[in-house]
Amino acid sequence: MAGKLQAVAKTLMWTLAKGVALMLAGWVVSGVCFGVGFWVLSADNGAGFHGAGAGPLGAVLALLVLFVEYPWAMSAIVVGVVGLAVHAVLAQKFLAQCAMSWAWKAGESKFLEPLVERCVAGADRASPGWLTGVVKWGALKANLLGALRKDPESGAFRKWLYGKILGKLRVEDDLPVGREALTGFLVERIRSFMAEIVEPSMTLSGVVMFGQLMLAAVAVLVEGW
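Nothing here was measured: the structure is a model prediction, and the numbers come from that model.

Asks: Looking at this model, I keep getting lost on a nonpolar patch on the surface. Mind explaining?
Replies: Taken together, the side chains of Met-13, Leu-16, Val-20, Leu-24, Trp-27 and Leu-84 define a hydrophobic patch exposed on the protein surface, amounting to about 530 Å² of accessible area. The dominant element in the nonpolar patch, judged by the number of residues it contributes, is helix α1 (residues 2-42), at five residues. Since its relative accessible area comes to 34%, Trp-27 is described here as partly exposed.

Asks: Would you explain a positive patch on the surface in this entry?
Replies: Taken together, the side chains of Lys-93, Lys-164, Lys-168 and Arg-170 present a region of like positive charge at the surface. Looking at the element boundaries, Arg-170 is found in the loop between α6 (156-168) and α7 (179-196). The class of Arg-170 is exposed, set by a relative accessible area of 56%.

Asks: Got a minute to help me understand the pattern of salt bridges in this structure?
Replies: In a structure, side chains of opposite charge can pair up when their charged atoms sit close to one another. Scanning all chains against the criterion turns up two salt bridges. A salt bridge links Arg-118 to Asp-151; the nearest nitrogen and oxygen atoms lie 2.9 Å apart. Taken together, the residues Arg-118 in helix α4 (residues 112-126) and Asp-151 in the loop between α5 (137-149) and α6 connect sequence positions 33 residues apart. Judged by its relative accessible area of 23%, Arg-118 is partly exposed. Among the ionic pairs, Glu-153 bridges to Arg-118, the shortest N-O distance being 3.5 Å. With Glu-153 in the loop between α5 and α6 and Arg-118 in helix α4, the pair connects residues that are 35 residues apart, well separated along the chain.

Asks: Would you mind showing me how to read α6 here?
Replies: The α-helix advances 3.6 residues per turn, and as a result positions three or four apart in sequence lie on the same side. With 13 residues, α6 should reach 18 Å at 1.5 Å per residue; the first-to-last C-alpha distance of 18 Å fits that figure. All buried positions along α6 are accounted for by Arg-158, Leu-161, Tyr-162, Ile-165 and Leu-166. Considered in projection along α6, the buried side chains sweep an arc of 130 degrees and stay on one side of the axis.

Asks: What am I meant to see in the packing of helix α3 (residues 71-105) against helix α8 (residues 203-223) here?
Replies: Packed helix pairs are specified by the crossing angle of their axes together with the interaxial distance, meaning the distance between the axes. Look at α3 against α8: their axes get within 9 Å of each other, and the N-to-C directions meet at 165 degrees. Looking at the two axes, α3 sits roughly antiparallel to α8. In terms of crossing hand, the pair formed by α3 and α8 is left-handed. Where α3 approaches α8, its residues Pro-71, Trp-72, Ala-73, Ser-75, Ala-76, Val-79, Gly-80, Gly-83, Val-86, His-87 and Leu-90 are matched on the opposing element by Leu-204, Ser-205, Val-208, Met-209, Gln-212, Leu-215, Val-218, Ala-219, Val-222 and Glu-223. For the contact of α3 with α8, the class distribution of residues is 14 nonpolar, six polar and one charged.

Asks: Just to check I follow, could you spell out α3 for this structure?
Replies: Here α3 is 35 residues long and its end C-alpha atoms lie 48 Å apart, about the 51 Å a rise of 1.5 Å per residue gives. Most pronounced at Gly-83, the bend in α3 amounts to some 35 degrees. At the C-terminal side of α3, Gly-107 shows a positive phi close to 115 degrees.

Asks: Mind showing me how you'd approach the confidence of the model for the protein here?
Replies: As a note on interpretation, predicted positions should not be read in detail where pLDDT is low. Put simply, the protein has an average pLDDT of 81, and 83% of its residues get 70 or more. Mean pLDDT in the protein bottoms out at helix α2 (residues 55-69), which sits at 65, and peaks at α8, which reaches 92.

About the thresholds
Residues numbered from 1 in each chain as written. Predicted model: local features only at pLDDT ≥ 70, side-chain atom pairs only at ≥ 80, totals over all residues. Heavy atoms only, no water. Patch = residues over 30% accessible without salt bridge, like charges linked within 9 Å, V, L, I, M, F, W, Y side chains within 5 Å. Areas by Shrake-Rupley, 256 points an atom, 1.4 Å probe, with all protein chains shown as cover. Salt bridge = Lys/Arg side-chain N within 4 Å of Asp/Glu carboxyl O. Helix = DSSP H or I, 4+ residues; strand = E, 2+ residues; numbered from the N terminus. Buried < 20%, exposed > 50% of the residue type's maximum accessible area, 1.4 Å probe, protein only. Lys, Arg positive; Asp, Glu negative; His and termini not counted. Charge placed at Lys NZ, Arg CZ, Asp CG, Glu CD. Expected span 1.5 Å × (residues − 1). Arc of directions from axis to C-beta. Axes fitted to C-alpha atoms, helices over the stretch in contact; angles between N-to-C directions. Parallel < 35°, antiparallel > 145°, perpendicular 65-115°, else oblique. Left-handed = near helix turned anticlockwise from the far one by under 90°. Contact = heavy atoms within 4.5 Å. Nonpolar A, V, L, I, M, F, W, Y, C, P; charged D, E, K, R; others polar. Bend = angle between axes of the 7 residues up to and from the residue. pLDDT = per-residue confidence, 0-100.

Dropping the structure here:
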């Protein structure tokens, strides 16, 4: 048991380390992108825009003038600032994908059917009779998420995991009527959805960082010389 817990802790720490490293790498690239844009602007020896100090309106006009004269440099500055938030979100998404994939492979799938049964039953108890008519996926998902949050047999991690799965699940088909049919339908859809999930990837973060670096390079080549 101790060895298993140690392996789990090691996996979690390694995953967290990769997520933090991914975010920090993105922040460094964003800083480079911002710094390059700022350097291009600061290298300008012109007289500047005289209306820049005339209150908020003057500041807005000054920014517009800079965007007209130095579109690449200003874009690099904006992308550098926005990139801080983007890379934090992408790192969080990567960690969530890792947690979902790891938990499912570790045997979480065996809890799926009884959990869905309890959630469907809980949703039916909260709104008696609503499963006897036409059910829309949006309404069903909201009711299932509500029942999941109140499920006494599920811990915080399991509620988070299945909440994420339900949030990402898309159902376009007509939903079956009745607890048993609906439970079987949902279990099958969730299993299919999890089977299609690929290994967590850092590709999207890499593409964003590459784009930032290319923008910085264009700003230097077009406006920095």
